Amino acid sequence: MSHSHPITDTPTTAATTASPLPRGVSRTRPRGFSTEAAFIGRSLRHAVRDVESLLMAVALPVMLMLMFTFVFGGALDPDGGYVDYVVPGIILTCAGFGAASTSLSVASDMTSGFVDRLRTMPVRASAVITGHVAASLARNLFATSIVLLVAVAIGFRPSAGVGEWLATVGLVALYILAITYLFAAIGLAAKSPESANGYGFILLFLPYVSSAFVPVETMPKWLEVFADNQPITPIIDALRALLIGTEMGTSGYLAVGWCLLILAVAAVWAAVLFRAKAGQR
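The rules behind these values
Residues numbered from 1 in each chain as written. Predicted model: local features only at pLDDT ≥ 70, side-chain atom pairs only at ≥ 80, totals over all residues. Heavy atoms only, no water. Helix = DSSP H or I, 4+ residues; strand = E, 2+ residues; numbered from the N terminus. Buried < 20%, exposed > 50% of the residue type's maximum accessible area, 1.4 Å probe, protein only. Areas by Shrake-Rupley, 256 points an atom, 1.4 Å probe, with all protein chains shown as cover. Phe/Tyr/Trp six-rings, centres within 6.5 Å; stacked < 30°, edge-to-face > 60°. Core = buried A, V, L, I, M, F, W, Y, C linked by side-chain atoms within 4.5 Å. Contact = heavy atoms within 4.5 Å. UniProt positions renumbered as here; feature names shortened; annotations may be inferred. Patch = residues over 30% accessible without salt bridge, like charges linked within 9 Å, V, L, I, M, F, W, Y side chains within 5 Å. Salt bridge = Lys/Arg side-chain N within 4 Å of Asp/Glu carboxyl O. pLDDT = per-residue confidence, 0-100. Axes fitted to C-alpha atoms, helices over the stretch in contact; angles between N-to-C directions. Parallel < 35°, antiparallel > 145°, perpendicular 65-115°, else oblique. Left-handed = near helix turned anticlockwise from the far one by under 90°. Nonpolar A, V, L, I, M, F, W, Y, C, P; charged D, E, K, R; others polar.

Visitor: Tell me about the overall build of the protein chain, and please be specific about residues and values.
Guide: When helices and strands are counted, the protein chain shows 11 helices and zero strands. Ordered by position from N to C terminus, the α and β elements of the protein chain give α-α-α-α-α-α-α-α-α-α-α. The burial tally for the protein chain puts 44% of its 281 residues in the buried class. Accessible surface for the protein chain amounts to roughly 13900 Å². Of this, 68% is attributable to carbon and sulfur atoms.

What follows is the structure, encoded as C-alpha cells:
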C-alpha cells in the first residue's frame, strides 16, 4: 500500500476523487491478500472501539434467553428442560443481532466518501466489504461464546462430543458468514445508514417464526407451513440435534444447503451492487 496515500475514513471531494495520478506514478496493487488484511484490521479496530454495539450484541440475546427460560419456561416445560430447547435459537438470534450492524457500517462507508477516496489508491476497494464481513464473523463468534457460557451457568447441559462441537462451530460460523454477507448487501442497497438499519431489522424477526422458541406444530397451520419452509428452522433443528442429541433427520443437509444458498446469493448481490455504486476498481 503506497505510503503517500494512507487508508483513512476522511471523505473527499469529487475533484480530488477524479484527479489523475502524475505521470510516472505507479498504480501497482499490493500483493496477495495484504489489502484484505488491512481492511479486516480496520474493521476489527472499529469493532473493538464500538463497545456499546458489542455489548448490545451480547446483552440482547442473553436477556431473551433469561426471559424465555425463567418467565415462559415453566409454562412451556414444567420439568425445567426448556433452557436446553431454547439455546440453539438464542445462538442464531445472537448472530443476527451481531451481523445487523454490518449493514450500517457498509452504508456509512458508501455514503461518507470513504470508498470514493480509494479511487486514488492502487487497492481493491471491494476489500472493504471483505473487511466488514471477516470482522463481523470474529465479533459474532466471540459474542456467541459468551452467550453459551451464560447458558451453561443457568442450566444448559449439552450432550455433544468433540465431533458434534466442531460441527456446531462450523455450522454457526457458516450461518454468520451467510447472514453477514446478506446484511452487507442490504447496506450497499440502502440509500443511507438509517434505511439500512431499518431494512436489516426485518430479518431479525425470522427466528421468532421458526422452531427457535416453540415447536412449529403448535402454530396455526398457515404459519406452520411458513416456519417449516424458511431457512432458520432447519438450522436450529440441526444445532439442537448436535448439542442435545435430538433427531437430526434431514435438518443437517437443509441447514448447510440454506446457508450456502444465502451466502452465494448475498455475495453475488453485494458484488453487483458494489460495482454499480462504486465502479470496478
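Visitor: So what about the packing of aromatic side chains? Which residues, and what values?
Guide: With the rule as written, the count across this model stands at four aromatic pairs. Ring centres of Phe68 and Phe213 lie 4.3 Å apart, and the angle between their planes is 15°; this geometry places the pair in the stacked category. Taken as a pair, Phe68 in helix H3 (residues 51-76) and Phe213 in the loop between helix H8 (193-203) and helix H9 (221-228) lie far apart in primary sequence, 145 residues in all. A relative accessible area of 13% places Phe68 in the buried class.

Visitor: For the nonpolar core, give the residues involved together with the corresponding values.
Guide: In this structure, Val87, Ile129, Tyr175, Leu188 and Ile235 are the most contacted members of the largest nonpolar core, which totals 57 residues. Those elements giving two or more residues to this core turn out to be H3, helix H4 (82-112), helix H6 (127-153), helix H7 (162-189), helix H10 (232-244) and helix H11 (251-278). Those residues in contact with Tyr175 that lie beyond four places of it in its chain are Leu92, Ala95, Ile232, Ile235 and Cys259.

Visitor: How would you summarise the environment of Tyr199 if you had to cite specific residues and measurements?
Guide: With respect to the helices and strands, Tyr199 occurs in helix H8. When the C-alpha atoms of Tyr199 and Ala189 are compared, they prove to be 9.7 Å apart, with 10 residues separating the residues in sequence. Among all residues touching Tyr199, those that are not within four sequence positions of it are Ile186 and Ala190.

Visitor: I'd like to hear about the UniProt feature "transmembrane region" (unreviewed entry) in the protein chain, residue by residue, with values.
Guide: Taking the numbering used here, the UniProt-annotated feature "transmembrane region" (unreviewed entry) corresponds to residues 54-73, 85-107, 128-154, 166-189, 196-216 and 252-274. Between the end C-alpha atoms of residues 85-107 the distance is 36 Å, and the span holds 100% helix and 0% strand. Within residues 166-189, the helical portion is 100% and the strand portion 0%, while the C-alpha atoms at the span's ends are 35 Å from each other.

Visitor: An account of a nonpolar patch on the surface is needed here, citing residue identities and associated values.
Guide: Taken together, the side chains of Leu66, Met67, Phe70, Val71, Phe72 and Leu76 define a hydrophobic patch exposed on the protein surface, amounting to about 540 Å² of accessible area. Among the structural elements, Phe70 can be located in helix H3. Given the relative accessible area of 55%, Phe70 is considered exposed.

Visitor: Can you break down the pattern of salt bridges residue by residue, with the values?
Guide: Taken as a whole and assessed by the stated rule, the structure comprises one salt bridge. A salt bridge links Arg240 to Asp237; its shortest N-O distance comes to 3.4 Å. A residue pair is termed a helical-turn pair when its members lie 3 or 4 positions apart in one helix, as Arg240 and Asp237 do in helix H10 at three residues.

Visitor: Please set out the confidence of the model for the protein chain residue by residue, giving values where relevant.
Guide: As a general rule, the predicted coordinates of low-pLDDT regions are not to be interpreted in detail. With 73% of its residues at a pLDDT of at least 70, the protein chain reaches an overall mean of 77. Highest mean pLDDT in the protein chain belongs to H10 (94); lowest belongs to helix H1 (residues 14-18) (41).

Visitor: Explain the packing of H7 against H10 to me, using residue names and the numbers behind them.
Guide: Interaxial distance between H7 and H10 falls to 9 Å at its minimum, and their mutual angle equals 160°. Regarding the angle of H7 to H10, the classification is roughly antiparallel. By crossing handedness, the relation of H7 to H10 is classed as left-handed. In this structure, H7 uses Glu164, Trp165, Ala167, Thr168, Leu171, Val172 and Tyr175 to contact H10, whose residues at the interface are Ile232, Ile235, Ala238, Leu239, Leu242 and Leu243. Its residues placed into classes, the contact of H7 with H10 shows 11 nonpolar, one polar and one charged.

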